[in-house]
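# Tertiary structure, described
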Amino acid sequence: MTAKKILLVEDEAAIREMMRMALERAGYEISEAEDAIQAERQLSDGLPELVLLDWMLPGTSGIELARRLRKDEYTRELPIIMLTARSEEDDRIRGLESGADDYITKPFSPRELIARIKAVLRRASPEAEEGLLKSGDLVLDSHSHRATANGRVLEMGPTEFRLLQFFMSHPERVYTRSQLLDRVWSRGSFVEERTVDVHIRRLRKALEGEGHDALIQTVRGAGYRFSAQS
Ligand code: CA
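Residues numbered from 1 in each chain as written. Predicted model: local features only at pLDDT ≥ 70, side-chain atom pairs only at ≥ 80, totals over all residues. Heavy atoms only, no water.

### Concerning the nonpolar core
L138, L163, L164, F167, L180 and F226 are the most contacted members of the largest nonpolar core, which has 25 residues in total. Listing elements by their share of this core, those giving two or more residues are strand 7 (138-141), strand 8 (146-149), helix 7 (158-169), helix 8 (177-184), helix 9 (193-208) and strand 12 (223-226). It is helix 7 that contributes the most residues to this core, six residues altogether. Core analysis: the next-biggest nonpolar cluster, separate from the first, contains 20 residues, A33, V51, M82 and A100 among them. (Core = buried A, V, L, I, M, F, W, Y, C linked by side-chain atoms within 4.5 Å. Buried < 20%, exposed > 50% of the residue type's maximum accessible area, 1.4 Å probe, protein only. Helix = DSSP H or I, 4+ residues; strand = E, 2+ residues; numbered from the N terminus.)

### Description of the pairing of strand 6 (residues 132-135)
A regular strand carries its side chains on alternate faces of the sheet. The two faces of strand 6 differ: L133 and S135 on one face are buried, but L132 and K134 on the other face are not. When strand 6 meets strand 7, the two strands line up antiparallel, connected through four bridges. Among the inter-strand pairings, K134 is bridged to a residue of strand 7, identified as V139. Hairpin geometry of strand 6 and strand 7 is characterised by an intervening segment of two residues between the two adjacent antiparallel strands and by a positive phi of about 60 degrees at G136. (Pairing = 2+ DSSP bridges.)

### Here we look at the packing of helix 7 against helix 8
Interhelical geometry of helix 7 versus helix 8 gives an angle of 105 degrees and a closest axis separation of 10 Å. If you check the angle between helix 7 and helix 8, you find them roughly perpendicular. Contacts between helix 7 and helix 8 involve T159, R162, L163, F166 and F167 on the former and, on the latter, L180, R183 and V184. Among the residues making up the contact of helix 7 with helix 8, the classes are represented as five nonpolar, one polar and two charged. (Axes fitted to C-alpha atoms, helices over the stretch in contact; angles between N-to-C directions. Parallel < 35°, antiparallel > 145°, perpendicular 65-115°, else oblique. Contact = heavy atoms within 4.5 Å. Nonpolar A, V, L, I, M, F, W, Y, C, P; charged D, E, K, R; others polar.)

### A look at the pattern of salt bridges
This model, assessed by the stated rule, comprises 17 salt bridges. Across the pair E17 and R20 runs a salt bridge, and its minimum N-O distance is 3.0 Å. Of this pair, E17 and R20 both sit in helix 1 (residues 13-25), three residues apart, roughly one helical turn. By relative accessible area, which is 35% here, E17 ends up partly exposed. Note that D102 is salt-bridged to R116, the shortest N-O span being 3.3 Å. Taken together, the residues span a long stretch of sequence, with D102 in strand 5 (residues 102-105) and R116 in helix 5 (residues 110-124) at a distance of 14 residues. What you see here is one network of salt bridges that share partners, running through R16, E17, R20, E24 and E32. (Salt bridge = Lys/Arg side-chain N within 4 Å of Asp/Glu carboxyl O.)

### Quick look at the coordination of the calcium ion
Note on the calcium ion: its protein donors are D11 (OD), D54 (OD) and M56 (O). The metal-donor distances range over 2.1 to 2.3 Å. Sequence positions of the residues that donate to the calcium ion give the spacing D-x42-D-x1-M. Judged by relative accessible area, M56 falls into the exposed class, the value being 51%. (Donors = N, O, S within 2.8 Å, 3.2 Å for Na, K, Ca; no water.)

### A word on the sheet that holds strand 12
Strands pair in a sheet through their backbones, by hydrogen bonds, and they do so in one of two ways: parallel or antiparallel. Pairing is antiparallel across the open sheet formed by three strands, whose spatial order is 10-12-11. Of all the strands in the sheet, the pair left with one neighbour each is strand 10 (174-175) and strand 11 (216-219). As judged from the two bridges shared by strand 10 and strand 12, these two strands associate in the antiparallel manner. When the sheet's bridge partners are listed, V174 is paired in strand 12 with R225.

### Considering helix 8
Along helix 8, the positions that sit buried rather than exposed are Q179, L180, L181, R183 and V184. Looking at the packing, one finds that the buried side of helix 8 touches strand 1 (5-9), helix 2 (36-44), helix 7, strand 10, helix 9 and strand 12.

### Section: unusual backbone geometry
With an omega of -5 degrees, the peptide bond between K106 and P107 qualifies as cis. Structurally, the position occupied by P107 is in the loop between strand 5 and helix 5. Phi at N150 takes a positive value of approximately 50 degrees, unusual for a residue other than glycine. In this fold, N150 is placed in the loop between strand 8 and strand 9 (152-153). Of note in this structure, E172 is not a glycine but carries a positive phi near 65 degrees. Within the element layout of this structure, E172 appears in the loop between helix 7 and strand 10.

Here it is, written out as structure tokens:
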């Protein structure tokens, strides 16, 4: 299964470093931002599975950023855990009202942090936690590394499988070729953007037998999208 991506928004480098180490050890892939501007820039390049958001940030506060993310259709359903040094009940309520899914008070142990992350991810997407992604009769099982449609196994290579897995976990969004390279291919692999087209073609071919090739849509001048709507 591909590592779950977490965006960590925290202005204190020492805390960021400590959290990044703990999270990477737990198998997550971490990207970092020091403030709201950096966070929004990163989010526009593609969404993580979850955001850890410090309340007290220079400039735009974490709470303000959480509100903004909830208003924007693109980030509306993004799970957010707020990090804060404040522990008063009032603050807790304000944090949750801003749209955060959970709230964790500093100082916290890595174990507590990871338990909260798992709980929020489980709530956000119970099937993904079991490794199952579904779209109609198309089912992708991340554990057995198998995709089926109408119960029949679809034959595809490992890159097509990862591509389908990425698309099914990020439906209805357009990704450019370079974003797909970043998210689906291993980091540091130097692949031309044209390679994406080759694998998209193979993936469509694999889906074609069961009549699902239309799920992978070409968006002219932009890239590709997985969509159950034609
Ligand atoms: Ca801070």
